[in-house]
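Given next are the chains, with one letter for each unit.
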Amino acid sequence: MSDVAALLGPDGAVARRLDGYETRDEQLELAVAIERGLRERRHVLAEAGTGVGKSFAYLLPAVLHATANRGRGPVVVSTRTIALQQQLEHKDIPFLQAVLGLEFSAVTAVGRNNYLCLRRMHLATRERGLLFDDPVQQEQLRGIVDWSLSTNEGTRMTLPFPTEREVWDEVCAEHGNCLHRACPHYEPCHYQAARRRLGSADLLIVNHALYMSDVALRLAGASYLPAHEVVVFDEAHHLERVATESLGLRVGYGTVAWHLRRLQPRNAPRGLLARFGGARSKVLLGQARLCAEEFFDTLAARLAQRRADTLPLGDAELDGSLAELLDELAATVEDDAGRIEDLSPRTEMLARARGLATLAHTLRALGRASTPNHVRWLERSGRRRADRPGTGAELRSAPLELGAALREQVFAAPRCAVLVSATLDTDSAGFARLRSKLGIDDATTLRLGSPFDYGAQVDLVLDEALPDPGTDPEGFARESAERVLHHLLDNDGRALVLCTSWAFVHRLAETVRDRLQHAGIELLVQGERPQQELLRAKRDDPRSVLIGTESLWEGIDVPGDALTLVLITRFPFAQPGHPLTEARIRALEAKGGNGFRDHSLPEAILKFRQGFGRLVRSRRDRGKVVVLDPRVRTKRYGREFLAALPTGVRVPW
Ligand code: SF4
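Rules behind the numbers
Residues numbered from 1 in each chain as written. Predicted model: local features only at pLDDT ≥ 70, side-chain atom pairs only at ≥ 80, totals over all residues. Heavy atoms only, no water. Buried < 20%, exposed > 50% of the residue type's maximum accessible area, 1.4 Å probe, protein only. Helix = DSSP H or I, 4+ residues; strand = E, 2+ residues; numbered from the N terminus. Pairing = 2+ DSSP bridges. Axes fitted to C-alpha atoms, helices over the stretch in contact; angles between N-to-C directions. Parallel < 35°, antiparallel > 145°, perpendicular 65-115°, else oblique. Left-handed = near helix turned anticlockwise from the far one by under 90°. Contact = heavy atoms within 4.5 Å. Domains from an automatic or database assignment. Nonpolar A, V, L, I, M, F, W, Y, C, P; charged D, E, K, R; others polar. Lys, Arg positive; Asp, Glu negative; His and termini not counted. Salt bridge = Lys/Arg side-chain N within 4 Å of Asp/Glu carboxyl O. Phe/Tyr/Trp six-rings, centres within 6.5 Å; stacked < 30°, edge-to-face > 60°. Lys NZ or Arg CZ within 6 Å of the ring centre and 35° of its normal. Near = heavy atom within 4 Å. Expected span 1.5 Å × (residues − 1). Polar contact = N/O pair within 3.5 Å; in protein donor to acceptor, adjacent residues only side chain to side chain.

Student: Sorry if this is basic, but what is going on with the pairing of strand β16 (residues 565–568) here?
Tutor: The side chains of a regular strand alternate, residue by residue, between the two faces of the sheet. Burial along β16 is two-sided: Leu565 and Leu567 facing one way and Val566 and Ile568 facing the other are all buried. As paired elements, strand β13 (residues 495–498) and β16 share four bridges and run parallel to each other. Residue pairing across strands places leucine 498 opposite isoleucine 568, the latter belonging to β16. When β16 meets strand β17 (residues 623–627), the two strands line up parallel, connected through four bridges. Along β17, the bridge assignment pairs valine 566 with valine 625.

Student: Please clarify how the packing of helix α16 (residues 321–338) against helix α17 (residues 343–367) should be interpreted in this entry.
Tutor: Packed helix pairs are characterised by how far apart their axes lie and by the angle those axes make with each other. Running from N to C, α16 and α17 cross one another at 165°; their axes reach a closest spacing of 8 Å. Our classification of the angle between α16 and α17 gives roughly antiparallel. In this structure, the crossing between α16 and α17 has a hand that is left-handed. In this structure, α16 uses Leu322, Ala323, Glu324, Leu326, Asp327, Leu329, Ala330, Val333, Glu334, Asp336 and Ala337 to contact α17, whose residues at the interface are Arg346, Met349, Leu350, Ala353, Leu356, Ala357, Leu359, Ala360, Leu363 and Arg364.

Student: Please explain the domain arrangement of the protein as it appears in this structure.
Tutor: The extent of an interface is frequently quoted as the accessible surface area lost upon association of the parts. Considered domain by domain, the protein is made up of domain 1 (3–105 + 203–243 + 403–441), domain 2 (112–193), domain 3 (248–399) and domain 4 (454–643). A separation of 42 Å is found between the C-alpha centroids of domain 2 and domain 4.

Student: Hey, could you run me through the packing of helix α3 (residues 25–40) against helix α4 (residues 54–68) in this one?
Tutor: Where α3 meets α4, the closest approach of the two axes is 8 Å, and the angle between their N-to-C directions is 30°. Judged on the interaxial angle alone, α4 and α3 are roughly parallel. Here α3 runs over α4; the crossing is right-handed. For the pair α3 and α4, contact is made by Gln27, Leu30, Ala31, Ile34, Glu35 and Leu38 and by Lys54, Phe56, Ala57, Tyr58, Pro61, Ala62 and His65, respectively. Looking at the contact of α3 with α4, its residues break down into nine nonpolar, two polar and two charged.

Student: Is there a simple way to think about the side chain of arginine 289 in this case?
Tutor: Mapped onto the elements, arginine 289 comes out in helix α15 (residues 279–306). Glutamate 293 provides the closest opposite charge to the buried, salt-bridge-free arginine 289, at an N-O distance of 6.3 Å. When near neighbours in sequence (up to four residues on either side) are disregarded, arginine 289 contacts Leu260, Arg261, Gln264, Pro265 and Arg266.

Student: So what exactly am I meant to see when it comes to the packing of aromatic side chains here?
Tutor: For any two aromatic rings, the description comes down to two numbers: the centre-to-centre distance and the angle of the planes. Within the structure shown, the criterion is met by 19 aromatic pairs. Aromatic rings pair up to connect Phe571, Phe573, Phe596, Phe608, Tyr637 and Phe641 into one cluster. The ring of tyrosine 211 has arginine 218 sitting right over it, with the charged end atom 4.9 Å from the ring centre.

Student: Even after reading the chapter, I still don't get the site of the ligand, so can you show me in this structure?
Tutor: In the vicinity of the ligand, the contacting residues are Cys117, Leu118, Arg119, Cys178, Leu179, Cys183, His185, Cys189 and Gln192. Of the residues that constitute the shell around the ligand, the class distribution is six nonpolar, two polar and one charged.

Student: Hey, could you run me through helix α8 (residues 135–148) in this one?
Tutor: Given 3.6 residues per helical turn, the α-helix brings residues three or four places apart onto the same face. Compared with the 20 Å implied by 1.5 Å per residue over 14 residues, the 20 Å span of α8 between its first and last C-alpha is a close match. Buried within α8 we find Gln137, Gln138, Gln140, Leu141, Gly143, Ile144, Trp147 and Ser148. Summarising the contacts, the buried residues of α8 are in contact with α6 (118–126), α7 (128–131) and α9 (165–171). Capping the start of α8 is the job of one residue whose side-chain oxygen sits 2.8 Å from the backbone nitrogen of valine 136: aspartate 134.

Student: Would you mind showing me how to read unusual backbone geometry here?
Tutor: Across the chain, the bulk of peptide bonds are trans and the bulk of non-glycine residues have phi less than zero. Cis geometry marks the peptide bond from alanine 413 to proline 414; its omega dihedral reads 10°. Counting through the fold element by element, proline 414 comes out in the loop between α18 (403–409) and β10 (416–421). The phi angle at arginine 41 is positive, at roughly 55°, despite the residue not being glycine. Tracing the backbone shows arginine 41 in the loop between α3 and β1 (44–48). Residue class for arginine 41 comes out partly exposed when judged on its relative accessible area of 28%.

Here it is as structure tokens:
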């Protein structure tokens, strides 16, 4: 019997220590496959249904491998969010440390900006009159100073009170703004201590964004994470999206304004420039501000003219005046810095100058014609406001193809990767589509069901007597709202309604709000409050109804009787017209593929499965999933959506 099978089996250490623990065949199979993959240095791609207990299934072999191979770098475990990192750090790993009887060190790494910089905190305290004129912000700074005397971790996540971004920006560790060994606070520095711990960890817990930022650094010849031969990605279906973000570029007016504000706030004689800046820098700052407003206003107007959320830029060259001004400002700020005798503010000014130069470089890259592997576009960002010039649009670019970079930086031998998720891919040919996108040539693949009894726990209803949303979107929107209301009242609330556009969310909310209120059911609408707050409200008031799109299709957990109905309004096909998606589809078709069958349909099926998966989060959950999209029966591909549901779901064909 393998080591992990002995530990996870019915008489194993985990079962003996965990009250109510039930051995799950799927979990054992997954753990054994990962153990073998690590031993044989083969990538493992595993889709494991909800409730399999994936964390223990990958953590156990990861820990055993790390302790048996000390000196070859840590085993890196990457989760989707910082919250999931914390769950491993505070719950699963301490449990394993207690039951395994093995000495091993697990370290959680977060991005540099999440750490307190003691030098910058002291500088901000000294200069607080210049930095903040708001007494609330001054009070927050005082709170941070008090907290710094007792905190062991020095991370923003452990700060016991909320802090405005403007305050944290002045005290956090920053790239290019560190004195390293020349810093008087080097020894007690939380960031430096965390870096030292990274090097000695057996298990390193990171998040996908941090890991992929490190991939971008590696491509530029640097790195933050230590060398490692094993990486485990939990919720690996997010990797493509996160890699696209990390390896792409993005600049909006907000980013430029943030850099300028950090030199000197608008209309306020405060900040570094007020104290240390020369006359030329102050003039250039004003010019850069106006130029940025004009530049981004022009872009926002182009979007508004097209009445679109995105606009491909193709070979269009953009005006380079803003980049030139920022470069000039960077050079004069650097000159100003050279005249400061005190090391700490000089470092601060130099960091600002470097930040401006990098920003100018990024703007220049975004302003040039797209390269064969890069797509550039304009994207709507927030609302365009007449009273805030420059708002409403941002410039973006992303790689068309990720495979080559990821193959080289993540999946090349001797590194061995494990990718685990409840929904990895739709094809039955060894996740070929996913492997091709991520650059994984060869891997052990397995697909494991869920231990839940979907036949008994879920009632699937196909309420399909509605107009086709593809050919009659207006008719569908009108009639589906009535059906949604009917199902919500029939179920006494306790529901999640999944939509595919913000416009539909708002329209639906307007239609059902009063009538739900009349029935004493609270309506929670995504976007009206922060998501964590909405989820808390949903759990606190089980009868409430949550309506939304995008992130609500996956990754939210509302177990118990607060969620007994999931309404899927229509198949979650991506909105057509996004320049990156269109370019990727064109590239796929140029190689002989079919855009709908090989891209749009599988992506929509994956999302549909994720939405369906919101209902049953434990063996006790029971309820109904209602699909309102009539194409479930009228289109041939409708059957493919249903066929992708977990084994056991009774489909009313
Ligand atoms: S070592 Fe760097 S990050 Fe740490 S306190 Fe000093 S300047 Fe800040």
